[in-house]
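Coordinate analysis (summary)
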Amino acid sequence: MPELPEVESLVAFLRERAVGRVIARVDVPGIHVLKTYAPPISSLAGLEITGATRHGKFLDVDVSGLHLVTHLSRAGWLHWRKFLPPAPPKMGKGPIGVRIHLDDQSGFDLTESGTQKRLAVYVVNDPSEVPGITRLGVDPLSEVFTVKAFGELLEGVRAQIKGVLTDQTVIAGVGNAYSDEVLWEVGLSPFKPASSLSPEDVGRLHEALVRTLQDAVTRAEGMAAGELKAEKKSHLAVHARTGLPCPRCGDEVREVSFATKSLQYCATCQTGGKPLADRRMSRLLK
Ligand SMILES: [Zn+2]
């Protein structure tokens with residue numbers, strides 16, 4: 001599940017490998033991933049890739065003024081291919097949504113594993129035509145994301161801090177994994193109402209958020225696209241580690257499950273030793 005640091009690394013990777021190359025051909029074996037039809041994705045063929053950038057968790061490839069924008073969502077990924085076979089992949093089969101062939105026979109696949117079908121690809125004249133991009137909140141690695149600005153975002157917000165951190169319209173780029181990690185790092189319950197954080201909590205959370213994301217970006221620098229997922233996983237303390245010992249106190253990492261996702265936390269470090277109610281479990285037990 002790529003978040004800001006992984007998308008940032010993909011951007012850096014594409015700048016190095018793809019910028020300056022001309023798109024030779026576009027295959028679209030997964031037509032459902034395409035969310036726009038004008039201009040057609042085939043119009044990218046013959047044009048030079050002139051830039052790559054990130055908006056929150058959106059990846060934006062500038063193709064001579066046209067923008068190939070991708071939201072990788074939960075199970076999407078960009079697979080770099082040093083050598084692409086000339087035969088097009090089978091339509092509607094397998095994980096490949098879009099395949100971009102470059103003029104030196106390299107290229108990349110935008111893929112989605114699993115059944116969720118949330119990978120979204122757009123071809124637009126301006127990134128602001130993508131609805132999710134216009135709604136994005138502040139980028140946590142930008143200069144405007146000061147501790148004061150963060151405090152103002154949380155003021156009067158009764159929603160739980162976990163939900164606020166992952167709300168893309170508030171802060172752009174933070175997802176399930178890094179929000180679990182920073183809340184564990186500063187010892188805050190994911191269910192704590194945002195407005196109830198003390199100024200000290202706000203300061204510590206801001207510091208942890210910026211540092212965690214920046215560290216992840218730095219570690220991923222120069223790494224191949226294929227290595228990023230394992231790299232991210234190897235540095236997680238609580239996220240996706242249910243049942244394993246907390247690296248700080250040794251207590252068991254616990255989980256709260258929702259319909260399609262779950263969060264992880266340490267009760268000793270974050271909730272005064274009290275396990276949070278797992279709604280799905282308690283509903284099943286009734
Ligand atoms: Zn702990």
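Here we look at the environment of Lys 57
Counting through the fold element by element, Lys 57 comes out in the loop between β2 (49-55) and β3 (58-63). You can call Lys 57 buried: its relative accessible area is 16%. In this structure the C-alpha to C-alpha distance between Lys 57 and Gly 175, which are 118 residues apart in sequence, comes to 8.8 Å. Those residues in contact with Lys 57 that sit more than four places away from it in its chain are Pro 2, Glu 3, Leu 4, Val 7, Thr 70, His 71, Gln 168, Gly 173, Val 174 and Gly 175.

Things to note about unusual backbone geometry
With an omega dihedral of -5°, the bond running from Ala 38 to Pro 39 counts as a cis peptide bond. Its location among the elements puts Pro 39 in the loop between β1 (23-27) and β2. Despite not being glycine, Ser 64 shows a phi value in the positive range, around 50°. With respect to the helices and strands, Ser 64 occurs in the loop between β3 and β4 (66-71). For Ser 64, a relative accessible area of 40% corresponds to the partly exposed category. Positioned with a positive phi, Gln 105 is a non-glycine residue whose angle comes to about 75°. You can see Gln 105 is positioned in the loop between β6 (96-102) and β7 (107-112). In this structure Gln 105 comes out as partly exposed when scored by relative accessible area, which is 49%.

Thoughts on the coordination of the zinc ion
Protein ligation of the zinc ion involves Cys 246 (SG), Cys 249 (SG), Cys 266 (SG) and Cys 269 (SG), the donor distances falling in the range 2.2 to 2.4 Å. Bound by four donor atoms, the zinc ion shows angles of 100 to 113° at the metal and therefore tetrahedral coordination geometry. Considered as a linear motif, the donors of the zinc ion on their single chain read C-x2-C-x16-C-x2-C. Of the two residues, Cys 246 is situated in the loop between α7 (228-234) and β9 (253-257) and Cys 269 in helix α8 (residues 267-270); the sequence distance between them amounts to 23 residues. Accessibility classification places Cys 246 together with Cys 269 in one group, the buried group.

What about the sheet that holds strand β5 (residues 76-81)?
By way of backbone hydrogen bonds, the strands of a sheet pair with one another, either parallel or antiparallel. Judged by pairing direction, the sheet is antiparallel, and its four strands sit side by side in the order β1-β6-β7-β5 without closing on themselves. The open sheet has two edge strands, β1 and β5, and neither has a second partner. Pairwise comparison of adjacent strand axes, ignoring direction, gives a mean angle of 15° for this sheet. In this fold helix α1 (residues 4-17) packs onto β5 and β7, with an angle of close to 25° to the strand it touches most, β5.

With respect to the nonpolar core
Counting 36 residues, the largest nonpolar core has Leu 14, Ile 41, Leu 44, Leu 68 and Val 98 as its most contacted members. Beyond its immediate sequence surroundings of up to four residues, Val 98 is in contact with Val 26, Asp 27, Val 28, Pro 29, Val 33, Ile 41, Phe 108, Asp 109, Leu 110 and Val 121. Among the nonpolar cores identified, the runner-up in size contains 24 residues, and Val 164, Leu 165, Val 186 and Leu 209 belong to it.

Section: the side chain of Arg 74
In this structure, Arg 74 sits in the loop between β4 and β5. Buried within the structure, Arg 74 lacks any salt-bridge partner; Glu 112 is the closest side chain of opposite charge, at an N-O distance of 8.9 Å. Once residues within four sequence positions are removed from consideration, Arg 74 is found in contact with Met 1, Pro 2, Gln 116, Arg 118, Thr 260 and Lys 261.

Description of the packing of aromatic side chains
Counted under the stated rule, the structure contains two aromatic pairs. In this structure, Arg 248 packs its charged tip against the face of Trp 184, placed 4.0 Å from the ring centre.

Things to note about the packing of helix α5 (residues 176-186) against helix α6 (residues 199-220)
In the contact formed by α5 and α6, the axes pass within 9 Å of each other and the chain directions differ by 130°. As judged from the angle between their axes, α5 and α6 are oblique. Read as a crossing pair, α5 and α6 show a hand that is right-handed. Residue-level contacts link Tyr 178, Val 182, Leu 183, Glu 185 and Val 186 of α5 to Arg 204, Leu 205, Ala 208, Leu 209, Arg 211, Thr 212, Leu 213 and Ala 216 of α6.

Examining the sheet that holds β4
The strand order across the open sheet formed by four strands is β2-β3-β4-β8, and the pairing between neighbours is antiparallel. The two strands at the open ends of the sheet, each matched to only one other strand, are β2 and β8 (120-124). Here the average twist between neighbouring strands, direction ignored, is 20°. Bridge analysis of β4 against β8 gives five bridges, and the strand direction is antiparallel. Bridge pairing in β8 places His 67 opposite Val 124. Of the strands in this sheet, β2 and β3 touch α1, which is tilted by about 170° from β2.

Some words on the environment of Asp 139
Looking at the element boundaries, Asp 139 is found in the loop between α2 (131-134) and α3 (147-154). Its relative accessible area of 18% is what places Asp 139 among the buried residues. Separated by 83 residues in sequence, Asp 139 and Gly 56 place their C-alpha atoms 6.5 Å apart. If sequence neighbours within four positions are ignored, Asp 139 has contacts with Leu 4, Arg 54, Gly 56, Phe 145 and Ala 172.

How each quantity is defined
- Residues numbered from 1 in each chain as written.
- Predicted model: local features only at pLDDT ≥ 70, side-chain atom pairs only at ≥ 80, totals over all residues.
- Heavy atoms only, no water.
- Helix = DSSP H or I, 4+ residues; strand = E, 2+ residues; numbered from the N terminus.
- Buried < 20%, exposed > 50% of the residue type's maximum accessible area, 1.4 Å probe, protein only.
- Contact = heavy atoms within 4.5 Å.
- Donors = N, O, S within 2.8 Å, 3.2 Å for Na, K, Ca; no water.
- Tetrahedral: all angles 85-135°; square planar, octahedral: opposite > 155°, others 65-115°.
- Pairing = 2+ DSSP bridges.
- Axes fitted to C-alpha atoms, helices over the stretch in contact; angles between N-to-C directions.
- Core = buried A, V, L, I, M, F, W, Y, C linked by side-chain atoms within 4.5 Å.
- Lys, Arg positive; Asp, Glu negative; His and termini not counted.
- Salt bridge = Lys/Arg side-chain N within 4 Å of Asp/Glu carboxyl O.
- Phe/Tyr/Trp six-rings, centres within 6.5 Å; stacked < 30°, edge-to-face > 60°.
- Lys NZ or Arg CZ within 6 Å of the ring centre and 35° of its normal.
- Parallel < 35°, antiparallel > 145°, perpendicular 65-115°, else oblique.
- Left-handed = near helix turned anticlockwise from the far one by under 90°.

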